[in-house]
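# Structural description and commentary
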Amino acid sequence: IDTIIDRIPAPSGDEEAPTKALIYDSWFDNYLGALALVRIFEGKIQKGQKIKIMGTKEEHQVLNLMYPNPIKPIKTDEISTGEVGIVVTGLKTVEGLQVGDTITDTKNPTTEPISGFEPAKPFVFAGIYPIETDKFEDLRDALDKLKLNDSSLSYEPETSVALGFGFRVGFLGMLHMEVVKERLEREFGLELIATAPTVIYRVKLTDGSEVEVQNPSEMPDTGKIDKIYEPYVRATIITPKEFLGNIITMMADRRGIQEKMEYLNEDRVMLVYAVPMNEIVVDFYDKLKSATKGYASFDYEPIDYREGDLVKLDVRVAGDVVDALSIIVPREKAQFRGRELVKTMKELIPRQLFEVAV
């Protein structure tokens, strides 16, 4: 402890300045409502004080203040500059307490919020439907309860001809999607079916306007489309050098553009690629682990939108287009992807006493 005190500088900040506090975690408590864990950069927060959340512009009263403690939080009347504490505002959801946002005083606000805050944006979208159609309301209740603790979750009702009533759910990434689906099934006892995950495309129309497409069924007619832009991510892969050839081949198949290759030591290599997000949202992680016997690590961050030669691929079952099976794919891969999808469906569709054309 003495070494920590000697070597780590004390928090800086002006105690007399207007309140400036960073929310770096928030969660929902069944008894106290939404709680914010904050670090005070300047000024102080007192019990009963009127505070303003700078990102949402909402004003609230501080009902209670606590210091975090592993056994039981310790109540206090004031948290001052350099300290970390829990702020109780009685909010019903954590949506108003976004991580990275700034808290200030209502009467004497700080001029500039703490930089770097951006609201969480979903990057991956998938349709989630209950297998039993009468469980739709149960699924809505389950999503409402999950959102109490996870403000980054977004969803809206949608209808599919094939799957009935469900929700179009937005996730931060593939791991987030898997965790949410698993929690819905385990904690709420639901049996769910999820459509293939998709990303947001920007479509420039021939009249000069631009629309965002989250669901392949929303894609405008080909005659109205001028250009389609797809989101790209910067993927960082660290792998043992013996699997380097496998990864380079796999990234080339996924339209990846190599930006950097660096040997971290004799055995490990870091690869940085710009790759379309559409190429990593389905089975990329599984394929990467297979190609490297589980040794590679993978991380990605969104970078920008780039023009792509993309088409909408529809699958007809018994002559009718099934909207839940529609996907957006690169033009040169459309025939291959279509054949693979149809081949899989041939195995999955139960045998009938009549022919089902796919």
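I will try to describe carefully the structure that is included in this document. (Residues numbered from 1 in each chain as written. Predicted model: local features only at pLDDT ≥ 70, side-chain atom pairs only at ≥ 80, totals over all residues. Heavy atoms only, no water.)

### What to know about the overall build of the protein
For clarity, the cut-off: The helix and strand labels rest on DSSP assignments: H or I over at least four residues marks a helix, E over at least two residues marks a strand, and numbering proceeds from the N terminus. Categorising residues by exposure relies on relative accessible area from a 1.4 Å probe, with only protein chains included: less than 20% of the type maximum marks a residue as buried, more than 50% marks it as exposed, and the intermediate range marks it as partly exposed. Only heavy atoms enter the contact rule, under which two residues are in contact if any of them lie within 4.5 Å. To be clear on the numbers: accessible area is Shrake-Rupley with a 1.4 Å probe, and residue cover counts the displayed protein chains and nothing else.
For the protein, the count of helices and strands is six helices and 24 strands. Taken over the C-alpha atoms alone, the protein extends approximately 75 × 60 × 50 Å along its principal axes. The 358 residues of the protein split such that 42% are buried. The contacts of the protein with a sequence gap of at least 6 include a subset with a gap of at least 24, amounting to 64%. For the protein, the exposed surface amounts to about 20600 Å²; the carbon and sulfur share of it is 51%.

### Digging into the pairing of strand E12 (residues 154-160)
Our working definition: DSSP bridges decide pairing: two strands pair if at least two such bridges lie between them.
The pairing of E12 with strand E13 (residues 164-171) spans seven bridges and is antiparallel. Looking at E13, one finds that Glu 158 is bridged to Gly 166. Connecting E12 to the next strand, E13, in antiparallel fashion are three residues.

### Topic: a nonpolar patch on the surface
Quick note on the threshold: Grouping into patches uses exposed residues only, defined as over 30% relative accessible area, and leaves out salt-bridged ones; the cut-off is 9 Å for like charges and 5 Å for nonpolar side chains (Val, Leu, Ile, Met, Phe, Trp, Tyr). We define a salt bridge as a contact between a side-chain nitrogen of Lys or Arg and a carboxyl oxygen of Asp or Glu at a distance within 4 Å.
A surface patch of nonpolar side chains, amounting to about 450 Å² of accessible area, comprises Leu 353, Phe 354, Val 356 and Val 358. Following the sequence through the fold, Val 358 ends up in the segment after helix H6 (334-348). In this structure Val 358 comes out as partly exposed when scored by relative accessible area, which is 40%.

Just geometry here; none of it tells us what the structure is for.
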